[in-house]
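Summary of the model geometry
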Amino acid sequence: MNVGLLTTGGTIASAPGPDGTVGVAVAGRDLHGLDDWPVPVTVREVALRHSFALSLAEVRDLVSTIRAEAAQYDGLVVTHGTDTLEETAYLLDLVTPADSVPVVLTGAQRHAGERDGDGPRNLADAVRIAASPAARGLGPLVVMDGRIHAARQAVKAHTLALDAFASFDGGPIGEVRRGSVRIWSSPVRPAGFDLAPVLPRVDVVTSYVGADGVQLAACREAGARGIVLEALGAGNPTPGLLAEVRRCLSAGLPVLVTSRCVSGPTAAIYGHGGGADLAASGALMAGSLPSSKARLLLSIALATDALPRLGDHLAA
Ligand SMILES: NC(=O)C[C@H](N)C(=O)O
């Protein structure tokens with residue numbers, strides 16, 4: 001059994017600097033779990049960055065590196081900043097075949113200089129999952145504070161809590177407790193996509209009372225190839241947003257409709273300027289997919305000429 005560890009930075013590899021702010025400072029080779037790692041681990045540092053600073057192109061390239069490295073091991077762990085870990089995990093899920101070895105992403109909410117940091121335990125848990133036969137065939141996974149999430153489902157739900165992640169549609173699919181890995185459900189994973197060399201620009205625009213849609217016009221001007229509208233309630237726009245979404249659709253931009261609500265699906269329920277009018281205009285309801293993930297789904301579908309397959313991922 002041979003497990004790889006790719007390190008990219010984040011709070012798990014951070015420490016306070018002279019000015020007291022926390023910066024990424026701990027090299028991958030110095031990231032250590034607890035002594036009871038069950039298998040030999042080969043460490044490779046691929047970045048030393050805060051995840052909030054990563055570009056979409058860098059996330060795409062990181063996913064390409066993870067796929068290439070995973071093939072060399074029986075399981076792979078990736079340490080990553082938690083702020084955008086959900087995007088890297090989701091994009092990886094979209095391009096990872098069912099028979100891939102386990103790839104487990106983790107991070108930390110407390111930096112490496114804190115005596116009661118959560119990084120070492122998260123790292124040890126991730127190694128145990130990556131080495132576990134129970135984790136095979138599930139697609140990429142996210143583990144934090146002992147809870148195992150399917151990559152498609154994982155969202156950062158708390159700014160500081162150690163159990164920072166939630167699964168937006170249900171709950172964790174397993175747990176690690178005192179080194180014992182338990183998986184109790186398998187994620188539904190529709191057929192994925194090729195990892196295109198470039199992911200086209202797709203912007204997310206949120207909604208609020210009286211939003212006039214000026215951001216949508218700016219996104220079109222900036223060259224967006226698609227739009228995710230984070231709408232009100234079950235997928236309802238303001239009058240200004242509806243008008244601008246229609247202009248985007250007329251300009252040939254596909255529009256996915258998510259919700260600013262914490263949970264629940266979007267649906268074409270309301271007329272008189274509501275979500276039913278969005279759908280009638282050609283926008284696609286994204287179900288319960290969060291905006292951060294809907295954006296990546298639309299981008300890779302555009303890049304691979306696979307828009308007709310969007311629905312498979314919205315119903316799953
Ligand atoms: N907890 C974390 O890892 C947050 C950190 N700012 C990041 O790189 O995403």
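Per an unreviewed UniProt entry, the recorded name for the protein chain is asparaginase, and the organism is Kribbella voronezhensis. Recorded under Catalytic activity (unreviewed entry), the UniProt text for the protein chain is reproduced unchanged: "L-asparagine + H2O = L-aspartate + NH4(+)". As recorded by UniProt, the Sequence similarities (unreviewed entry) comment attached to the protein chain reads in full: "Belongs to the asparaginase 1 family."

Of regular secondary structure, the protein chain possesses eight helices and 16 strands. In terms of overall size, the protein chain behaves like a compact globule, its C-alpha atoms giving a radius of gyration of 20 Å where 316 residues would be expected to give roughly 20 Å. Reported as C-alpha extents along the three principal axes, the dimensions of the protein chain are approximately 60 × 45 × 35 Å. Burial statistics for the protein chain: of 316 residues in total, 51% are counted as buried.

Mapping Glu 244 onto the fold places it in helix 5 (residues 239-250). The buried category is assigned to Glu 244, whose relative accessible area is 11%. Sequence-distant contacts of Glu 244, defined by excluding residues within four places in its chain, comprise Asp 212, Gly 213, Leu 216, Ala 217 and Arg 220.

Calculation rules
Sequence order as written defines residue numbering, which begins from 1 separately in each chain. It should be noted that, the model being predicted, local features are given only for residues of pLDDT at least 70 and side-chain atom pairs only at 80 or more, the latter also being counted only at that level, while totals for whole chains, interfaces and linings use all residues. No hydrogens and no water enter the side-chain calculation; it runs on all heavy atoms of the structure. UniProt positions are given in the numbering used here, feature names are shortened, and annotations may be inferred rather than shown by experiment. The helix and strand labels rest on DSSP assignments: H or I over at least four residues marks a helix, E over at least two residues marks a strand, and numbering proceeds from the N terminus. Here the globule rule reads 2.2 Å times residues to the power 0.38, and the radius of gyration is calculated from C-alpha atoms. A 1.4 Å probe rolled over the protein chains alone gives each residue an accessible area, and that area as a share of the maximum for its type sets the label: buried under 20%, exposed over 50%, partly exposed in between. Two residues form a contact once any of their heavy atoms are found within 4.5 Å.

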